[in-house]
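What follows is the residue order along each chain.
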Amino acid sequence: MHNWAGNVEFEAARVHRPRTVEEVGRLVAGAEQVKVLGSGHSFNRVADTRGDLLVLDDLPRGVEVSADRRSVTVTGSIRYAELARELQARGLALANLASLPHISVAGSCATGTHGSGNGLQSLASAVTALRLVTSDGEPLTVDREKDQDRFAGSVVALGALGAVVGLTLAVEPAFEVAQWVYDDVPLDRIAARFDEVFGAAYSVSAFTDWGGDTASVWVKRRTDREGGAHLGARWMDGRLADGPRHPVPGLCPVHCTAQLGLAGPWHERLPHFRPDFTPSVGEELQSELLLPREAAPAAVAAMRGLGPRITPLLLTSEIRTVAADELWLSPAHGRDCVAVHCTWRPAFEAVRQAIALIERELLPLGARPHWGKLFALAPEAVGALHQRGEDFRRLMTELDPRGAFRNDFVAAAFPRP
Ligand SMILES: Cc1cc2nc3c(=O)[nH]c(=O)nc-3n(C[C@H](O)[C@H](O)[C@H](O)COP(=O)(O)OP(=O)(O)OC[C@H]3O[C@@H](n4cnc5c(N)ncnc54)[C@H](O)[C@@H]3O)c2cc1C
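In what follows, the accompanying structure is described.

How each quantity is defined
Residues numbered from 1 in each chain as written. Predicted model: local features only at pLDDT ≥ 70, side-chain atom pairs only at ≥ 80, totals over all residues. Heavy atoms only, no water. Buried < 20%, exposed > 50% of the residue type's maximum accessible area, 1.4 Å probe, protein only. Helix = DSSP H or I, 4+ residues; strand = E, 2+ residues; numbered from the N terminus. Pairing = 2+ DSSP bridges. Core = buried A, V, L, I, M, F, W, Y, C linked by side-chain atoms within 4.5 Å. Domains from an automatic or database assignment. Contact = heavy atoms within 4.5 Å. Phe/Tyr/Trp six-rings, centres within 6.5 Å; stacked < 30°, edge-to-face > 60°. Lys NZ or Arg CZ within 6 Å of the ring centre and 35° of its normal.

1. With respect to the pairing of strand S11 (residues 176–186)
Both faces of the sheet carry side chains from a regular strand, because those side chains alternate between them.
Item 1. With eight of eleven residues buried, S11 is to be regarded as a mostly interior element.
Item 2. Relative to strand S16 (residues 264–265), S11 is paired through two bridges, and the arrangement is antiparallel. The residue bridging Glu-176 from the neighbouring strand is Pro-265, located in S16.
Item 3. Pairing geometry for S11 and strand S13 (residues 214–222), over eight bridges, is antiparallel. Counterpart to Val-185 in the pairing with S13 is Ala-215.
Item 4. Across two bridges, the pairing between S11 and strand S15 (residues 238–240) is antiparallel. Its bridge partner lying in S15, Tyr-182 is registered against Leu-240.

2. Some remarks on the nonpolar core
Item 1. Counting residues in each nonpolar core, the largest one holds 63 residues, and the members touching the most others are Leu-83, Leu-94, Leu-167, Leu-169, Trp-266, Trp-371 and Phe-392.
Item 2. Here this core spans two domains, since at least three of its residues come from each of domain 1 (63–173) and domain 2 (176–377).
Item 3. Leave out the neighbours within four places in its chain, and Leu-83 touches Val-63, Val-74, Ile-78, Leu-94, Val-105 and Leu-169.
Item 4. Ala-5, Phe-43, Trp-344 and Leu-357 belong to the second-largest nonpolar core, a separate cluster that totals 48 residues.

3. Observations regarding the packing of aromatic side chains
Item 1. The full count for this structure, using the stated rule, is ten aromatic pairs.
Item 2. Geometrically, the ring pair formed by Phe-175 and Tyr-202 is edge-to-face, given 5.7 Å between the ring centres and 70 degrees between the ring planes. With a gap of 27 residues between them, Phe-175 in the loop between strand S10 (172–173) and S11 and Tyr-202 in the loop between helix H6 (194–198) and strand S12 (203–208) connect regions that are remote in the sequence.
Item 3. Here Phe-175 falls in the buried class, since its relative accessible area comes to 4%.
Item 4. A relative accessible area of 10% means that Tyr-202 is categorised as buried.
Item 5. Site record: aromatic cluster; members linked through ring pairs are Trp-371, Phe-375, Phe-392, Phe-409 and Phe-414.
Item 6. Positioned above the aromatic ring of Tyr-202 is the side chain of Arg-222, whose terminal nitrogen or guanidinium carbon lies 5.1 Å from the ring centre.

Take a look at the structure:
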């Protein structure tokens, strides 16, 4: 059994597919080492265990809207694609989505997964309550209002506190988005007018391979707030694309959500990829660093400097923005971020060296790696980049005193106090 990318073979001794929360409780309580697998889209061993791996896809599916229609309670294993369809059918929406809707809600929140938007926080920030099964097999609810500090440590938690069997998420009335791509926007422009470029729409992403002087900028505007018009035939010295684009130049855009300004529901525009097609490329590796937003021009300059050494290995690279949150292990904890993502050709050793080169340039600018992607830095050094790491270690000891959910990845990042 392996992850989506095929670069991680899980070491679990046993795999279980419980059908009820009670069964989850029995399995967890009886396991020496245990971990829950979401949709397996992480590129490292964050979801692995040597003991019992639980797949929660067979738990009863639920999407319960609150009476005030401001929140929805869902099964942890639900994928964003399924949840989004259910919400849209009820006239509701999430504020944001990642580049693909194929990923599970619990797994995405556990690693701090994000989309793009100057004002949009990581997906985990939509969580208002979590329903866990902790290592004693008992249920525990952690609520944003009632358990403020513990809650901030429990949402982006690398699956280390318990099995997430349910989540409550903030929702809002459904909205529409129109998406355009601008080709050949000079990287000089993007660096010099970063806030203006990324502030031009509800969600903005820039794709480049750092081999040239330009990027293609994907602009997603909320029609209810920003109107249904594009930003002009020319914008930031780039040109409005004359056809649909794929983030990887030359690949068929049929895998991508509708562009060319065709307004449509939030969940069919905010992700770049459609749920019924392979997202991204398929044969690939990914890494990503999140830096304080003000470091964006320096980060762009550093990546351009590395171009000759990294471009041959890159399928594409994406620049996004993420708003600050309060979640302890979120890479965007306490600071608005620029995120520099790389989609690599599947050449593991060469890619590891390229990631190390990027880290050497971007870590001094305040970068923290994405928990679900590859990094070259030692895990304990990644843990140390999180100011609330000590608090998280204490929380792990409190909620999981026997360390059942503490796999090698988590133990290396956050050694026992
Ligand atoms: C093609 C592709 C595109 C991507 N695009 C983006 C993007 O746009 N933005 C971004 O930020 N990331 C992106 N990612 C990374 C991805 O979002 C993260 O790796 C995310 O964690 C994947 O969710 P998952 O359900 O597959 O989690 P898994 O990889 O299955 O698990 C991740 C962690 O969550 C834990 N976990 C999962 N479910 C539970 C549960 N029910 N209870 C307790 N713990 C649980 C696991 O134990 C593990 O620690 C992308 C990945 C791929 C492959």
